[in-house]
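Commentary on secondary and tertiary structure
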Amino acid sequence: MPKLSETFTVGNLEVAALSDGAPERALGGFFNGVEPADWTQALGITDPEQPMPFNFGTFLVRGGRRTVLIDSGYGPVAGTMGITGGGELLQRIEELGVGRDEIDIVVHTHLHPDHCGWNIPEEGAELTFPKAIFFVSRVELDHWEQAHLDDDERVQVSRRAMAPLKAAGRVATFDGELEVTTGLTTVPTPGHTPGHTSLLLASQGEHLLITGDAAHHPVHLEHHDWIPGVDLDPRESETSRHRLAALAVEKDAVITGGHFPILTLGKLRQVESGYQWVPA
Ligand SMILES: [Zn+2]
């Protein structure tokens, strides 16, 4: 049974890793152009078709001036997918004793449907987080609005998730690095999508780096040139992993990601061949 919720601290902030569904996923073919034997060995598995634990994860940060949710999961649709915890993010938040109206800020790493699903409970219904301001990269928001993407179903899902927030004046865009609230800074990591953003959390000298989909698995932080088929710009995606790894080492940051199973935390150590993941 996968874990659906776990809390840990970064300085005087409390971070809750919350799942909106923890499926098992066949990783066969996940990385473009990488021999299955290479990545199965790196992942410590013997059969390329063996499913790997996956997660549609979000993070709730409390204890600072603002209560912040990073990404909003797959949303109601996840509840129909028959996966453990699918579509239960709002329950996970409630279990922490946090009201939806206590969430001041939602930050999106990007606007794929598994990251903005709970922005609205269902089409036409009221806002899920009635007082929150939603931060998203301007480049990311613009990308999904392009007319030539009108017929793409995933694009339509993202637009539906953002439209009522835009209409209510609750969307704040940013370019590059922005300190969204004290200690939480955006780190541009384009490639997976054009405005993809990772997040750096700092408190009392401790740092947490939340990769977003710049890394789907810790092994990705060792093999920067492994490109998931879902990345829109492979070269930028690789460059962003270089940048993330360097930043993690510079800050001695603990690293986690929304698609890492709960609770996966580690640091990167610089070694001769590049970087090595060290579980924390
Ligand atoms: Zn994702």
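Everything here concerns the structure above.
Each value, and the rule that gives it
Residues numbered from 1 in each chain as written. Predicted model: local features only at pLDDT ≥ 70, side-chain atom pairs only at ≥ 80, totals over all residues. Helix = DSSP H or I, 4+ residues; strand = E, 2+ residues; numbered from the N terminus. Pairing = 2+ DSSP bridges. Axes fitted to C-alpha atoms, helices over the stretch in contact; angles between N-to-C directions. Buried ≥ 20, exposed ≤ 12 C-beta atoms within 10 Å, placed from the backbone.

For the rest of this paragraph, the subject is unusual backbone geometry. In the segment running from Ile262 into Leu263, the intervening peptide bond is cis, with an omega of 0°. Backbone geometry at Asp71 places phi at a positive 70°, although glycine is not the residue there. As for its position among the elements, Asp71 is in the loop between β7 (68–70) and α2 (89–95). One non-glycine residue, Asp252, adopts positive backbone phi at about 50°.

This part takes up the sheet that holds strand β2 (residues 13–19). Pairing within the open sheet is mixed, and its seven strands lie in the order β1-β2-β6-β7-β8-β9-β10. Two strands close off the open sheet at either side, each with one partner strand: β1 (5–10) and β10 (171–174). When strand polarity is set aside, the average angle formed by the axes of neighbouring strands in this sheet is 20°. Examined bridge by bridge, strand β6 (residues 57–62) and β7 share three bridges and lie antiparallel to one another. By the bridge assignment, Val61 is partnered in β7 with Val68.

Here we come to the pairing of β2. By the criterion of burial, β2 is predominantly enclosed, with six of the seven residues buried. In this structure, β1 lies alongside β2, joined through six bridges in antiparallel fashion. The residue of β2 that forms the bridge with Thr9 is Glu14. Between β1 and β2, which pair antiparallel one after the other, the connecting turn spans two residues, and Gly11 there sits at a positive phi close to 60°. Here β2 runs beside β6; their pairing, made up of six bridges, is antiparallel. Looking at the pairing, Ala17 lines up with Phe59 of β6.

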